[in-house]
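# Examining the three-dimensional arrangement
Each chain, letter by letter, is given below.
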Amino acid sequence: MPAPTTSPAPAPVNSRSRVLIASLIGTTIEFYDFYIYATAAVLVFPTLFFPNSDPTTALLSSFAVFGAAMVARPIGAVVFGHLGDRLGRKGTLVASLLTMGIATFLIGVLPTYEQAGWIATALLVLMRLAQGFALGGEWSGAALIATENAPRGKRALYGTFPQLGAPLGFIIGNGLFLVIGALLPSAAGADPSQPSEAFLTWGWRVPFLFSAVMVAIGLWVRMRLVESTVFSKTREAGLVRKLPLATVFRDHWKQLVLGTFFMLATYVLFYLMTTFSLSYGRTPTDAAVPGLGYSYTTFVLMMIFGVLFFAVFTLVSGPLADKYGRRGTLILVTTGILVFGLAWVPLIGMGTLGVVLWLVLGFTLMGMTFGPMGALLPELFPTSVRYTGSGISYNVSSILGAAVAPFIAVALWEAGDGSPWLVGVYLSAMALLTLVALLLGKETKDVALDEGEDPTTLHRDENPAATAAP
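Residues numbered from 1 in each chain as written. Predicted model: local features only at pLDDT ≥ 70, side-chain atom pairs only at ≥ 80, totals over all residues. Heavy atoms only, no water.

## Considering the environment of Val221
One can find Val221 in helix α9 (residues 205-223). Judged by relative accessible area, which is 8%, Val221 ranks as buried. Between the C-alpha atoms of Val221 and Ile25, which are 196 residues apart in sequence, the distance is 8.4 Å. (Helix = DSSP H or I, 4+ residues; strand = E, 2+ residues; numbered from the N terminus. Buried < 20%, exposed > 50% of the residue type's maximum accessible area, 1.4 Å probe, protein only.)

## Quick word on the pattern of salt bridges
Summed over all chains, the structure comprises 10 salt bridges. Glu138 is the salt-bridge partner of Arg222, the closest N and O atoms lying 2.5 Å from each other. In this pair, Arg222 sits in helix α9 while Glu138 sits in helix α6 (residues 118-148), placing the two residues 84 residues apart along the sequence. We note a salt bridge from Glu379 to Arg326, for which the minimum N-O separation is 2.6 Å. On the criterion of sequence distance, the pair formed by Glu379 in helix α18 (residues 373-379) and Arg326 in helix α15 (residues 326-342) is long-range, its members being 53 residues apart. Overall, the relative accessible area of 5% leaves Glu379 in the buried class. A single salt-bridge network, built from bridges that share partners, covers Asp85, Arg89, Glu148 and Arg386. (Salt bridge = Lys/Arg side-chain N within 4 Å of Asp/Glu carboxyl O.)

## Notes on helix α20 (residues 405-415)
Along α20, the residues that are buried comprise Ala405, Pro406, Ala409, Val410 and Trp413. Looking straight down α20, one finds its buried side chains confined to an arc of 130°; they lie on one side. Looking one or two residues beyond α20, the residue adopting positive phi is Asp417, at roughly 55°. (Arc of directions from axis to C-beta.)

## Some remarks on the packing of aromatic side chains
Given two aromatic rings, one states the distance between the centres and the angle between the planes to describe the pair. Considering all chains together, one arrives at 28 aromatic pairs under this definition. Ring centres of Phe310 and Phe363 lie 6.1 Å apart, and the angle between their planes is 20°; this geometry places the pair in the stacked category. Taken as a pair, Phe310 in helix α14 (residues 296-324) and Phe363 in helix α17 (residues 352-370) lie far apart in primary sequence, 53 residues in all. Phe363 matches Phe310 in its accessibility class, with the two residues each being buried. Taken together, the aromatic side chains of Phe31, Trp139, Phe170, Tyr267, Phe270, Tyr271, Phe310, Phe363, Phe370 and Tyr394 make up a single cluster linked through ring pairs. (Phe/Tyr/Trp six-rings, centres within 6.5 Å; stacked < 30°, edge-to-face > 60°.)

## Overview of the packing of helix α12 (residues 253-262) against helix α19 (residues 386-403)
Where α12 meets α19, the axes come as close as 8 Å, and the angle between the chain directions of the two elements is 45°. When the axes of α12 and α19 are compared, the pair comes out oblique. In this structure, α12 crosses over α19, and the sense of that crossing is right-handed. Contacts between α12 and α19 involve Gln255, Leu256, Gly259 and Thr260 on the former and, on the latter, Gly389, Ile392, Ser393, Val396, Ser397 and Leu400. (Axes fitted to C-alpha atoms, helices over the stretch in contact; angles between N-to-C directions. Parallel < 35°, antiparallel > 145°, perpendicular 65-115°, else oblique. Left-handed = near helix turned anticlockwise from the far one by under 90°. Contact = heavy atoms within 4.5 Å.)

Here it is in structure tokens:
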């Protein structure tokens, strides 16, 4: 009798909860790392690692180290993008998260300038470069995990979950600093806006060391993933590129340029509303370059209130982008960012209510512009170069928007004699560049992620099947 036939077992797939958690946890850690560094850059690093400078120069030096990580991110995007497009998304995401976790933890055990001199500053720079290198591969991989596993018609919604890591990381990171600051308050008679001796000695290290717990959870979740069907089909069809970087620059350079400028206003807004605003909000009103004069605790609580709107509108933006399109949604939001930049001084001039409104509006716009990017950038590129292409666009934009934004903002703040009106104009100018890019771009809502691979465009050395053909 003939042997009974059996149908092949279905390929394993990732559950919806596993996809969403895996894409969320890495970016939460990414932004947690950013926020704790940004907070330490304002509170303690100028004193601990740049003590021989005047206060403004020390702050700028601290931000310069922060910017060094942004410069390293495109390098990480190329390396991890190559691995992700050649070997798969899962292993690459595990490697990027592990690298990032080790670098963050080591910042927490660094010696200070008083203990090791310039070596301490050099080690801080090295760890920031390692963080930036790892982060270069983190976001794009998380976005691909979300969008390549999303049901039809819900890619933008799924793509908001990696983006949701930004507000969650802010709340966890700044909340932890608030708790530590409350447990280690300044001594009686000391300036309550300045960190205590215990905080400067060891308290600031706790958030960096705590990141090890979050990384361990992230690794556990990601180790349980399987490759997306979209990438598996590309690999089975022999469409994996030997040199994804060369392919993306040769065949998709327009998408690279557009994607970079799509993200520009988002990055500038993000870093102005977090890093710059913290410096501006807590600088005394009678300082050489005056600020708003709030205590650290008061202003961070105001920021956390604004970040709640960031979280809500990040999720709101997904269904809107799925229904009305990524391009149309972002054109409207970017126009709002442009107007918001011109309204900084009138809003802040209204007192505490105006400052809260400034934070709420800024973070609301941040959620609305950041949310759709999780789907838009991956949709610009075919599967075989998607990790590389989306990662380069996202991270090159980090140099243009994030690495220089705090530095430019401080310079413009000084040029305005304490008024942030020039900083607002700077934001509006960057929004205008993004708006032009969006008007030149095309809608990607209906692009199928497993389509668009044209085997005839492959070089013979990139396609083993073509080489083997007679």
